Amino acid sequence: MKFSIITAVYNREKTIGDAIHCLQQQTFGDYEHIIIDGASRDGTVAEVERLADHRTRLVSEPDAGIYDAINKGVAMARGDIIGLLHSDDMFAHSRVLETVADRFACGRYLMTYSDLDYINKDSGRTVRHWRAGSYHPRQLRRGWMPPHPTVFAARSMFEALGAYDTSYRIGADYEAMLRYFAVHGDKAAYIPETLVLMRTGGASNHSLRALLRKMSEDRRSMRQHGIGGWPTVLWKNASKIMQFR
């Protein structure tokens, strides 16, 4: 079993090193790290080149946004399992890939997902804990989705169902989760522990305008897949309140 870990990055010279370091510290070493840089204008590329090892594959060129960059990485992937490690994120400990590999080893699953902690980008303090919980089809109509950065999926699933729809600017992850879980939700394994740490300040929650656009794109995804409506959008956002500490 081999992992393809994809990092989409643009102008993140201060944080990209943490992502690379936490991956290189993994006890499970059979992976490739595909870094898709959107032609950064700061020192991101130099930092990647400084920290790269034989498993690193770097592409630096203009792209059409984060989902376009991820799709480039998916197309390049040679591993059996694809996972994402955003440039502002970190694995929670050194056994994350080992833990995920153990779940895939039984041959029953096409996806795994876990819990996620949001951490303050300055203090590193946990400010929100996203407990994913086990999946059930009826949960999709209640706005449920797994923490996207924690999802690992078989490359064969991407090949069969497609990657990310780039017509969504900040909500393609939710559309993809609806698409994947509607077909293969019964082949998704929940790992009940925090495997990923995410710094606060992501593209979908840094402003009211971004939040409203995300809600609109979520509604579009629901209509596309025939799942829920505006009440589901509201439930999806209201469920986040209990995650804050």
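One structure accompanies this document, and this report is about it. (Residues numbered from 1 in each chain as written. Predicted model: local features only at pLDDT ≥ 70, side-chain atom pairs only at ≥ 80, totals over all residues. Heavy atoms only, no water.)

Each helix and strand counted, the protein chain has 8 helices and 9 strands in total. Based on the C-alpha atoms only, the size of the protein chain along its principal axes is roughly 50 × 40 × 35 Å. The buried share among the 245 residues of the protein chain stands at 53%. Across the protein chain, every contact between residues at least 6 apart in sequence was considered, and the portion connecting residues at least 24 apart equals 74%. Put simply, the protein chain shows about 11500 Å² of open surface, and 49% of that area lies on carbon and sulfur atoms. Across the protein chain, the mean location of the 33 positive side-chain charges is 8 Å away from that of the 28 negative side-chain charges. (Helix = DSSP H or I, 4+ residues; strand = E, 2+ residues; numbered from the N terminus. Buried < 20%, exposed > 50% of the residue type's maximum accessible area, 1.4 Å probe, protein only. Contact = heavy atoms within 4.5 Å. Areas by Shrake-Rupley, 256 points an atom, 1.4 Å probe, with all protein chains shown as cover. Lys, Arg positive; Asp, Glu negative; His and termini not counted. Charge placed at Lys NZ, Arg CZ, Asp CG, Glu CD.)

With that settled, consider the packing of aromatic side chains. Aromatic rings in a pair are described by how distant their centres are and how their planes are angled relative to each other. Scanning the model with the defined rule gives 12 aromatic pairs in all. Summarising the aromatic geometry, the rings of Phe 158 and Tyr 164 are spaced 6.4 Å apart at their centres and angled 45° between planes, so their arrangement reads as tilted. Of the two residues examined, Phe 158 and Tyr 164, each falls in the buried class. Taken together, the ring pairs in this structure connect Tyr 113, Tyr 135, Trp 144, Phe 181 and Tyr 190 into an aromatic cluster. Between Arg 220 and the ring centre of Tyr 168, over which it is positioned, the NZ or CZ distance is 3.9 Å. (Phe/Tyr/Trp six-rings, centres within 6.5 Å; stacked < 30°, edge-to-face > 60°. Lys NZ or Arg CZ within 6 Å of the ring centre and 35° of its normal.)

With respect to the helices and strands, the residue Glu 32 is situated in strand β2 (residues 31-37). As for Glu 32 and Ser 4, which are separated by 28 residues in sequence, their C-alpha atoms are 5.0 Å apart.

A grouping of Leu 208, Leu 211 and Leu 212 is seen on the molecular surface, where their side chains present a nonpolar patch of about 280 Å² in accessible area. Tracing the backbone shows Leu 211 in helix α7 (residues 208-225). The exposure class of Leu 211 is partly exposed, given its relative accessible area of 30%. (Patch = residues over 30% accessible without salt bridge, like charges linked within 9 Å, V, L, I, M, F, W, Y side chains within 5 Å. Salt bridge = Lys/Arg side-chain N within 4 Å of Asp/Glu carboxyl O.)

With that out of the way, let us pick up the nonpolar core. In terms of nonpolar packing, the biggest core is built from 66 residues, with Phe 3, Phe 91, Leu 97, Tyr 113, Phe 152, Tyr 164 and Phe 181 touching the most fellow members. One finds Val 9, Ile 20, Ile 35 and Val 48 within the second-largest nonpolar core, a separate group that totals 5 residues. (Core = buried A, V, L, I, M, F, W, Y, C linked by side-chain atoms within 4.5 Å.)

Attention shifts here to the packing of helix α6 (residues 172-184) against α7. Between α6 and α7, the least distance of the axes is 9 Å, while the angle of their chain directions is 25°. When the axis of α6 is compared with that of α7, the two are roughly parallel. α7 is crossed by α6, and the crossing has right-handed handedness. Side by side, α6 and α7 meet where Ala 172, Asp 173, Tyr 174, Glu 175, Leu 178 and Arg 179 of the first sit next to Lys 214, Glu 217, Asp 218, Ser 221, Met 222, Gln 224 and His 225 of the second. Of the residues that constitute the contact of α6 with α7, the class distribution is 4 nonpolar, 3 polar and 6 charged. (Axes fitted to C-alpha atoms, helices over the stretch in contact; angles between N-to-C directions. Parallel < 35°, antiparallel > 145°, perpendicular 65-115°, else oblique. Left-handed = near helix turned anticlockwise from the far one by under 90°. Nonpolar A, V, L, I, M, F, W, Y, C, P; charged D, E, K, R; others polar.)

The buried fraction of β2 amounts to 7 of the 7 residues, a majority that puts the element mostly inside the structure. Examined bridge by bridge, strand β1 (residues 3-9) and β2 share 7 bridges and lie parallel to one another. The residue bridging Ile 5 from the neighbouring strand is His 33, located in β2. The parallel pair β1 and β2 is bridged by helix α1 (residues 16-24), and the resulting crossover is right-handed. Sheet analysis places β2 next to strand β3 (residues 56-60), joined by 5 bridges and oriented parallel. The residue bridging Ile 36 from the neighbouring strand is Val 59, located in β3. In this fold, the crossover linking β2 to β3 by way of helix α2 (residues 44-51) has right-handed handedness. (Pairing = 2+ DSSP bridges. Right-handed = clockwise from strand over helix to strand, strands pointing away.)

One pass over the structure, following the stated rule, counts 11 salt bridges. Taking the shortest distance from any N to any O, the salt bridge between Glu 32 and Arg 57 comes out at 2.9 Å. With Glu 32 in strand β2 and Arg 57 in strand β3, this pair connects stretches of sequence that are 25 residues apart. With a shortest N-O distance of 2.9 Å, Arg 50 and Glu 47 are connected by a salt bridge. With Arg 50 and Glu 47 both in helix α2 and 3 residues apart, this pair spans about one turn of that helix. For Arg 50, a relative accessible area of 58% puts it in the exposed group. Taken together, the salt bridges that share partners define one network made up of Lys 214, Asp 218 and Lys 236.

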